Amino acid sequence: MGGVEDDEPPSKRVKVSSGESRDLSNGLSVSEEGSCSLSDSMARLPVSQEDDEVVGSKGIIKKVELVRIIAEALYSLGYSKTGARLEEESGIPLRSTLIDSFMQQILDGKWDESVATLHKINLMDETIVKLASFVILEQKFFELLAGDKVMDALKTLRIEIAPLCINDDRVRELSYFIVSPSWNLLEGTSVQESRIKPRKSLLEELQKLLPPTVMIPENRLVHLVEQALDLQTDACRFHNSSVGEMSLLTDHQCGRDKIPCQTLQILREHSDEVWFVQFSHNGKFLASSSGDCLVIIWEVKVDGQVTMKHKLSGHQKPVNYVSWSPDDLELLTCGVEETVRHWDVASGECLHVYEKSGLGLVSCGWAADGKSIFSGVTDKSISMWDQEGKEIECWKGQKTSRIADLGITADGKELITVCKETTILLFGWETKSEKFIEEDQTITSFALSEDRKFLLISLLNGELHLWNIDGSAKLVAKYKGHKRSRFVVRSCFGGLNQAFIASGSEDSQVYIWHRLSGELILTLAGHSGAVNCVSWNPTNPHMLASASDDRTIRIWGLSRVNMNLNGRHSTGVHCCNGKT
């Protein structure tokens, strides 16, 4: 059964035998072996090369598997002769001759022969055989249609594909191509032709279906090495820089000098305790709020210096929460049980004031599209507003408490609030669904990860609990060590790939934990009053801000000894203002 030829350009060789080979138009090759029997394909290796022979000090690496993935890597890198020599010298073939024949049949479009060979491979799972047969026969079907062999295609569909009982919906879809063929007038090609995969791609799809013992996944050795490097960086307590390359020749280890642990600036513009601080999503701005009823927007310069941009006045009560719009062009600020104000970041102009008669607003947050906002109300309801100040909807009941935090899930469909002392509510504002996270201690604040899949909850007893809220909520980690007994102390995610957890503390220090291990790795001293809030610059892993009762904001960066990298002045900041 022939088919449409694959004219994809050459890429690499797949030949794994020391025998003669031939290159195909798509760059793949397999040996020109004669026909092979099942007994040939399933033959065991010599006794000295049995599957249970192991190498390495731990005795867990099978020699046969190691040699096979090395051979696959050599062929993938283009070292075909070396790969063939390894197979010959070790006596360990990358694949059986039966698999070589199967691959060649796919590349040649010999669909009936390839299905027959597939059944000879002796796969234990019959479902895999059916799935792989379906993929092969679907390709045959489309190539027959493209060659105007409609009756042959119909026969393939009825007699070969349908009896597999795999994906009935897809079978009906295939029948549609026979009954109502349509044409892409712009491209001048039929739908059938556009559905035909290059045979190399078809082979890669089949490779994913078949067990790795039969066909080793492409670039398996590279994948294993990448996994090893990832594990090393995950295990490294101080890994916080994408600058520089990891070497395969040494084990990876960073020092604590990669963590922002030195005060680079002290901002003193507030005249009372600083309660809240938060960087914009793009890392170019910092907003702070205080007991002095003011909000300050700071600008992060390219050189890492932080300067005041606007001082925003208008609140009649201390401001305990701010929220950046998704595009960072606007800012919401919330006074203590007062109003929510909507500001333009560029001009510092107040665009609107959100308020409810006889009630106070306790929290604020943006909808995912930035076109509406949410606010918690002192009567425990949640209101939704448009940007002009019109209340669109109000959800009554125990939807929130007087905790200022309010978050939105990654899909934008659920609001996150503290609805009771020990309970987090995930409220589906469109569907009115409710999900709960129960803690055994009073919740004082929470923070969302950048991908909005993790929730960091601060508790009255001083612990931080990390929950995975992507699907069913699950507690995944706990962090201890900081001091909290009287005040609201806020925490955050931060660092490269948000690999760290930071928190303020009533003992005037900033605490930093390694997120995966839960290990407390650093405490930063400098403030003279309780540290109420911390914020890690989302685009610069080497910049951290902390707000304190001592009326100051500290900007933390790398130690001065690291401020010259390869002769370049870096001000302790590798990616200031979103730039390197």
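Residues numbered from 1 in each chain as written. Predicted model: local features only at pLDDT ≥ 70, side-chain atom pairs only at ≥ 80, totals over all residues. Heavy atoms only, no water.

Observations concerning the overall build of the chain
Then step 1. Tallying secondary structure elements over the chain gives 11 helices and 34 strands in all.
Then step 2. Within the span of the chain, comprising 580 residues, buried residues form 51% of the whole.
Then step 3. Summarising the internal contacts of the chain: among those between residues at least 6 apart in sequence, 47% fall at separations of at least 24.
Then step 4. Put simply, the chain shows about 27,400 Å² of open surface, and 50% of that area lies on carbon and sulfur atoms. (Helix = DSSP H or I, 4+ residues; strand = E, 2+ residues; numbered from the N terminus. Buried < 20%, exposed > 50% of the residue type's maximum accessible area, 1.4 Å probe, protein only. Contact = heavy atoms within 4.5 Å. Areas by Shrake-Rupley, 256 points an atom, 1.4 Å probe, with all protein chains shown as cover.)

Topic: the pattern of salt bridges
Then step 1. Counting across every chain of the model gives 21 salt bridges.
Then step 2. With its nearest N and O atoms 2.8 Å apart, the salt bridge here joins Lys140 to Glu160. Note that Lys140 is positioned in helix 6 (residues 126–146) and Glu160 in helix 7 (residues 150–161), a separation of 20 residues in sequence. (Salt bridge = Lys/Arg side-chain N within 4 Å of Asp/Glu carboxyl O.)

Quick notes on the sheet that holds strand 25 (residues 474–479)
Then step 1. Across the sheet, four strands lie side by side as 22-23-24-25; this open sheet has antiparallel pairing. Only two strands of the sheet have a single partner each, and these edge strands are strand 22 (443–448) and strand 25. Across the sheet, the axes of successive neighbouring strands diverge by a mean angle of 25°, strand direction being ignored.
Then step 2. When strand 24 (residues 464–468) meets strand 25, the two strands line up antiparallel, connected through five bridges. (Pairing = 2+ DSSP bridges. Axes fitted to C-alpha atoms, helices over the stretch in contact; angles between N-to-C directions.)

Here's the deal with the packing of helix 6 against helix 8 (residues 168–179)
Then step 1. Running from amino to carboxyl end, helix 6 crosses helix 8 at an angle of 10°, the nearest separation of the two axes being 11 Å. The orientation of helix 6 relative to helix 8 falls into the category roughly parallel. Residue-level contacts link Phe134, Glu138, Phe141, Phe142 and Leu145 of helix 6 to Arg170, Val171, Leu174, Phe177 and Ile178 of helix 8.
Then step 2. Split into classes, the residues belonging to the contact of helix 6 with helix 8 amount to eight nonpolar, no polar and two charged. (Parallel < 35°, antiparallel > 145°, perpendicular 65-115°, else oblique. Nonpolar A, V, L, I, M, F, W, Y, C, P; charged D, E, K, R; others polar.)

Remarks on the pairing of strand 27 (residues 500–503)
Then step 1. Of the two faces of strand 27, the one lined by Phe500 and Ala502 and the one lined by Ile501 and Ser503 are each fully buried.
Then step 2. In the sheet, strand 26 (residues 491–494) pairs with strand 27 via four bridges, with the strands oriented antiparallel. Each bridged residue has a counterpart across the sheet, and for Cys492 the counterpart in strand 27 is Ala502.
Then step 3. Where strand 26 folds back onto strand 27 in an antiparallel hairpin, the turn is made up of five residues, including Gly495, whose phi is positive at roughly 85°.
Then step 4. Note that strand 27 and strand 28 (residues 509–514) share four bridges and pair antiparallel. Across the sheet, the residue bridging to Ser503 is Tyr511, located in strand 28.
Then step 5. Following strand 27, the chain reverses through five residues before pairing antiparallel with strand 28; Ser508 in that reversal takes a positive phi of roughly 75°.

Section: the sheet that holds strand 17 (residues 391–395)
Then step 1. The four strands are arranged 14-15-16-17 in an open sheet whose pairing can be described as antiparallel. A single partner strand is all that each edge strand has here, and the edge strands are strand 14 (361–366) and strand 17. Adjacent strand axes in the sheet meet at a mean angle of 20°, parallel and antiparallel pairs treated alike.
Then step 2. Inspection of the sheet shows strand 14 paired to strand 15 (residues 372–377) by five bridges, in the antiparallel sense. Bridging across to strand 15, Ser363 finds its partner in Gly376.

Looking at the UniProt feature "repeat: WD" (unreviewed entry) in the chain
Then step 1. Residues annotated in UniProt with the feature "repeat: WD" (unreviewed entry) correspond here to residues 267–308, 312–353 and 524–559.
Then step 2. Taken end to end, residues 524–559 is 0% helix and 50% strand, and its two terminal C-alpha atoms sit 12 Å from one another. (UniProt positions renumbered as here; feature names shortened; annotations may be inferred.)

Description of helix 5 (residues 111–120)
Then step 1. Of all the positions in helix 5, only Trp111, Ser114, Val115, Thr117 and Leu118 are classed as buried. Projected down its long axis, helix 5 carries its buried residues within an arc of 160°, all on one side.
Then step 2. For helix 5, the secondary structure elements touched by its buried residues are helix 4 (97–108), helix 6 and helix 10 (199–209).
Then step 3. Looking one or two residues past helix 5, Asn122 carries a phi angle of roughly 65°, positive in sign. (Arc of directions from axis to C-beta.)

Remarks on helix 10
Then step 1. All of the buried residues along helix 10 are Arg199, Lys200, Leu202, Leu203, Leu206 and Gln207. Around the axis of helix 10, the buried residues are gathered within 155° of arc, so they sit on the same side.
Then step 2. The inward-facing, buried residues of helix 10 contact helix 4, helix 5 and helix 6.

With respect to the side chain of Ser383
Then step 1. Structurally, Ser383 can be placed in strand 16 (residues 382–386).
Then step 2. Separated by 3.3 Å, the side chains of Ser383 and Lys356 make a polar contact.
Then step 3. Those residues within four positions of Ser383 in sequence are excluded, and the remaining contacts are Lys356, Ile373, Phe374, Ser375, Val377, Glu391, Glu393, Cys394 and Trp395. (Polar contact = N/O pair within 3.5 Å; in protein donor to acceptor, adjacent residues only side chain to side chain.)

Thoughts on the packing of aromatic side chains
Then step 1. Counted under the stated rule, the structure contains 13 aromatic pairs.
Then step 2. Relative to Phe177, the ring of Tyr176 has its centre 6.2 Å away and its plane inclined at 70°; by these criteria the two rings are edge-to-face.
Then step 3. Residue class for Tyr176 comes out partly exposed when judged on its relative accessible area of 46%.
Then step 4. Relative to Trp429, the ring of Trp395 lies with its centre 6.5 Å away and its plane at 65°, an arrangement referred to as edge-to-face. (Phe/Tyr/Trp six-rings, centres within 6.5 Å; stacked < 30°, edge-to-face > 60°.)

With respect to the packing of helix 5 against helix 6
Then step 1. Between helix 5 and helix 6, the shortest axis-to-axis distance is 10 Å and the interhelical angle comes to 180°. With respect to each other, helix 5 and helix 6 are oriented roughly antiparallel. For the pair helix 5 and helix 6, the contacting residues are Trp111, Asp112, Ser114, Val115, Leu118 and His119 in the first and Val129, Ala132, Ser133, Ile136, Leu137, Gln139, Lys140 and Glu143 in the second.
Then step 2. Looking at side-chain class alone, the contact of helix 5 with helix 6 contains seven nonpolar, four polar and three charged residues.

Concerning the side chain of Asp405
Then step 1. Structurally, Asp405 is set in the loop between strand 17 and strand 18 (407–408).
Then step 2. Residue classification places Asp405 among the buried positions, given a relative accessible area of 1%.
Then step 3. A distance of 2.6 Å separates the side chain of Asp405 from the backbone nitrogen of Phe446, its partner in a polar contact.
Then step 4. In terms of polar contacts, Asp405 uses its side chain to reach the side chain of Arg490, at 2.3 Å.
Then step 5. When sequence neighbours within four positions are dropped, the list of residues in contact with Asp405 reads Tyr321, Ser363, Ile416, Thr417, Ser445, Phe446 and Arg490.

Side note on the environment of Asp152
Then step 1. Within the secondary structure, Asp152 sits in helix 7.
Then step 2. A residue is classified by how much of its surface remains accessible, and Asp152, at 40% relative accessible area, is partly exposed.
Then step 3. Remark: the alpha-carbon pair of Asp152 and Lys140, spanning 12 residues in sequence, is separated by 9.8 Å.

What about the environment of Asp327?
Then step 1. On the secondary structure map, Asp327 appears in the loop between strand 10 (319–324) and strand 11 (330–335).
Then step 2. Under the relative-accessibility criterion, Asp327 is labelled partly exposed at 43%.
Then step 3. Distance from Asp327 to Asn282, taken between C-alpha atoms, is 8.4 Å for residues 45 residues apart in sequence.
Then step 4. Within the structure, Asp327 has its side chain in polar contact with the side chain of Ser325 (distance 2.7 Å).
Then step 5. A distance of 3.0 Å separates the side chain of Asp327 from the backbone nitrogen of Leu329, its partner in a polar contact.

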